[in-house]
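# Remarks on the overall topology
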Amino acid sequence: MVTYEKLWETMKAKNITQYRLIKYYGISAGQIGRLKKNMYVSTHTLDVLCNILKCPVEDIMEIRLDDVDYELKLSDETAVPDENSKNKRRL
């Protein structure tokens with residue numbers, strides 16, 4: 001999961017408000033809303049924010065690992081897929 005909690009901390013430390021991002025830097029209110037909800041934003045938006053705040057991306061976002069176990073089960077690892085099967089595992 002991607003979280004933008006660090007963005008708000010960095011903005012506070014650099015005295016940059018949401019209003020300033022919208023009014024002076026052209027960041028849309030919709031993008032601010034997406035960031036608040038930890039939703040998808042483009043790498044372009046992240047790049048623009050890093051340049052505005054003069055900081056690395058690590059200062060505005062964080063990736064938190066999900067609790068999902070992505071390891072293959074032993075039976076899946078040893079199974080040989082049928083070449084005609086439509087349900088081949090793709091990684």
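This one's a predicted model, so the numbers in the text were calculated from it and none came from an experiment. (Residues numbered from 1 in each chain as written. Predicted model: local features only at pLDDT ≥ 70, side-chain atom pairs only at ≥ 80, totals over all residues. Heavy atoms only, no water.)

## Here's the deal with helix α4 (residues 43–53)
Listed in full, the buried residues belonging to α4 are T45, L46, L49, C50, I52 and L53. The buried residues of α4 all sit within an arc of 165 degrees when viewed along its axis, so they share a single face. What points out from α4, more than 90 degrees from its buried face, is the exposed set T43 and H44. In this structure, the buried side of α4 is in contact with α1 (5–13), α2 (18–23) and α3 (29–36). Looking at the residues trailing α4, positive phi occurs at K54, about 50 degrees. (Buried < 20%, exposed > 50% of the residue type's maximum accessible area, 1.4 Å probe, protein only. Helix = DSSP H or I, 4+ residues; strand = E, 2+ residues; numbered from the N terminus. Arc of directions from axis to C-beta. Contact = heavy atoms within 4.5 Å.)

## Observations regarding α1
For α1, the full list of buried residues reads L7, T10 and M11. Here the buried residues of α1 occupy an arc of 100 degrees about the axis, which is enough to place them on one side. Turned more than 90 degrees away from the buried face of α1 sit E9, K12 and A13, all of them exposed. In this fold, the buried residues of α1 make contact with α2, α3 and α4. At the C-terminal side of α1, N15 shows a positive phi close to 55 degrees.

## Section: the nonpolar core
Ranked by size, the top nonpolar core spans 17 residues in total, and within it Y4, L7, L21, L49, L53 and I60 carry the most contacts. When residues no more than four places from it in sequence are discounted, the contact partners of I60 are T3, Y4, K6, L7, L46, L49, C50, L53 and C55. (Core = buried A, V, L, I, M, F, W, Y, C linked by side-chain atoms within 4.5 Å.)

## Quick notes on unusual backbone geometry
Look at N38: it is not a glycine, yet its phi comes out positive at around 55 degrees. By secondary structure assignment, the location of N38 is in the loop between α3 and α4. On the basis of relative accessibility, which here comes to 26%, the residue N38 falls in the partly exposed class. For K54, which is not a glycine, the phi torsion comes out positive at approximately 50 degrees. With respect to the helices, strands and loops of the structure, K54 is situated in the loop between α4 and β2 (62–63).

## Brief notes about the pattern of salt bridges
Within the structure shown, the criterion is met by two salt bridges. Here E5 makes a salt bridge to R64, at a shortest N to O gap of 2.9 Å. Highlighted residues: E5 in helix α1 and R64 in the loop between β2 and α5 (74–78), separated in sequence by 59 residues. In this structure E5 comes out as partly exposed when scored by relative accessible area, which is 41%. Across the pair E62 and R64 runs a salt bridge whose closest N-O atoms are separated by 3.7 Å. Take E62: its relative accessible area is 30%, and that puts it in the partly exposed class. Look at the salt bridges and you will find they share partners, linking E5, E62 and R64 into a network. (Salt bridge = Lys/Arg side-chain N within 4 Å of Asp/Glu carboxyl O.)

Keep in mind that these numbers describe shape and distance, not what the molecule does.
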